[in-house]
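The residues making up each chain are set out below.
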Amino acid sequence: LQKKAAKYGLALAYSKLGDYKKARQILSSLLSRDPLNRLYIYADIENDMVAKNFKSALSKLDYQLKFNAKNYPLQSLLAETLWQNKQYRSSAKVLTQLSNQRKEDPAIWYKLAEVRGLAGDISGVHKARAEYFILVGAFERAKQQLNLASKLLAYDFKQLSIIKQRIIDIEQMEKNLRKL
């Protein structure tokens with residue numbers, strides 16, 4: 001067990017130092033002996049990602065997600081790999097799914113705002129930022145973001161209604177906090 005842990009640590013060190021080939025060799029050896037070990041699987045995908053071998057990372061992620069569709073670390077790695085590979089809309093789609101599963105995770109909302117901006121979805125940036133600000137307790141900033149989004153969506157009645165309701169929700173949260 002200690003030998004495997006040492007090899008795993010060595011692979012991570014090689015990857016961090018930029019020697020992706022050596023890291024890949026060690027991880028391949030570990031995976032050949034223990035192909036279901038999630039730490040090895042994640043490290044192997046992360047090594048491909050930092051080596052900018054996105055095709056390999058995406059292929060491995062696709063394979064793993066067939067068996068573990070709801071696996072948060074894999075989904076998160078997928079979003080990050082797509083982002084790093086400049087597939088911003090696809091990354092935003094994955095992060096949107098994650099935000100629906102983990103509504104109270106500010107890190108997801110923060111990443112979603114960033115990637116939506118890169119994808120050119122400016123109203124989406126403001127809506128994701130608003131959710132982030134709600135989660136960190138910055139209600140005024142959340143309302144400002146929603147007001148900016150509403151200006152961009154002035155002709156989308158459905159989205160405008162959702163935004164207005166969310167502003168009402170925030171105001172109710174503020175009232176509830178004042179009561180405490």
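Treat the numbers as computed from the prediction; the structure is a model and nothing was measured.

The description of two helices packed together rests on the angle between their axes and the distance between the axes. Following both chains from N to C, one finds helix α6 (residues 88-101) and helix α7 (residues 106-118) inclined at 155°, their axes separated by 9 Å at the closest point. Between α6 and α7, the angle falls in the class roughly antiparallel. With respect to the hand of their crossing, α6 and α7 are arranged in left-handed fashion. Counting all contacts with α6, which are made through Tyr88, Ser91, Ala92, Leu95, Thr96, Leu98 and Ser99, the residues of α7 involved are Ile108, Trp109, Lys111, Leu112, Val115, Arg116 and Leu118. Of the residues that constitute the contact of α6 with α7, the class distribution is 9 nonpolar, 3 polar and 2 charged.

With 33 residues, the main nonpolar core has Ile45, Leu78, Leu95 and Leu112 as its most contacted residues. Breaking this core down by element, the ones donating at least two residues are α1 (2-17), α2 (20-33), α3 (38-50), α4 (54-67), α5 (72-84), α6 and α7. With residues near it in sequence (within four places) discarded, Ile45 still touches Ala57, Lys60, Leu61, Gln64, Leu74 and Leu77. Grouped together as the second largest cluster of nonpolar side chains are 11 residues, Ala130, Phe139, Ala149 and Leu153 included.

This part covers the packing of aromatic side chains. Here a ring pair, both rings aromatic, is described through the centre-centre distance and the interplanar angle of the planes. Scanning the entire structure with this criterion turns up 4 aromatic pairs. Between Tyr63 and Phe67, the ring centres sit 5.0 Å apart and the planes meet at 70°, which makes this aromatic pair edge-to-face. Placement of both Tyr63 and Phe67 in helix α4 is noted, with a separation of 4 residues, approximately one turn of the helix. The exposure class assigned to Tyr63 is partly exposed, which follows from its relative accessible area of 48%. In textbook terms, an aromatic cluster arises when at least three aromatic residues are bridged by ring pairs, as seen for Tyr110, Tyr132 and Phe133. Note that Arg102 overlies the ring of Tyr72, its terminal NZ or CZ placed 3.6 Å from the centroid.

Right, let's talk about α2 for a bit. An ideal rise of 1.5 Å per residue puts 20 Å on 14 residues; α2 measures up with 20 Å between its terminal C-alpha atoms. For α2, the full list of buried residues reads Ala23, Ile26, Leu27, Leu30 and Leu31. The buried residues of α2 occupy an angular sector of 135° when projected down its axis, which confines them to one face. Along α2, the residues that are exposed and aim more than 90 degrees away from the buried face are Lys21, Ser32 and Arg33. Those residues of α2 that are buried are in contact with α1 and α3.

On to the environment of Tyr110, then. Tracing the backbone shows Tyr110 in helix α7. The spatial distance from the C-alpha of Tyr110 to the C-alpha of Lys22 is 34 Å, given a sequence separation of 88 residues.

Further remarks concern the confidence of the model for the chain. Averaged over the chain, the pLDDT score is 96; the fraction of residues at 70 or greater is 100%. Helix α8 (residues 122-135) holds the highest mean pLDDT among the elements of the chain, 98, whereas α1 holds the lowest, 94.

This part is about unusual backbone geometry. With a phi close to 65°, Lys52 is a non-glycine residue in the positive phi region. With respect to the helices, strands and loops of the structure, Lys52 is situated in the loop between α3 and α4. Its identity as a non-glycine residue notwithstanding, Lys86 has a phi of 65°, on the positive side. By the element assignment, Lys86 lies in the loop between α5 and α6.

Our next topic: helix α10 (residues 157-179). Compared with an ideal rise of 1.5 Å per residue, which puts 23 residues at 33 Å, α10 spans 33 Å between its outermost C-alpha atoms and is within 8% of the ideal. Along α10, the residues that are buried comprise Gln159, Leu160, Ile163, Ile167, Ile170 and Glu174. The secondary structure elements touched by the buried residues of α10 are α8 and α9 (139-152).

Parameters and conventions
Residues numbered from 1 in each chain as written. Predicted model: local features only at pLDDT ≥ 70, side-chain atom pairs only at ≥ 80, totals over all residues. Heavy atoms only, no water. Axes fitted to C-alpha atoms, helices over the stretch in contact; angles between N-to-C directions. Helix = DSSP H or I, 4+ residues; strand = E, 2+ residues; numbered from the N terminus. Parallel < 35°, antiparallel > 145°, perpendicular 65-115°, else oblique. Left-handed = near helix turned anticlockwise from the far one by under 90°. Contact = heavy atoms within 4.5 Å. Nonpolar A, V, L, I, M, F, W, Y, C, P; charged D, E, K, R; others polar. Core = buried A, V, L, I, M, F, W, Y, C linked by side-chain atoms within 4.5 Å. Buried < 20%, exposed > 50% of the residue type's maximum accessible area, 1.4 Å probe, protein only. Phe/Tyr/Trp six-rings, centres within 6.5 Å; stacked < 30°, edge-to-face > 60°. Lys NZ or Arg CZ within 6 Å of the ring centre and 35° of its normal. Expected span 1.5 Å × (residues − 1). Arc of directions from axis to C-beta. pLDDT = per-residue confidence, 0-100.

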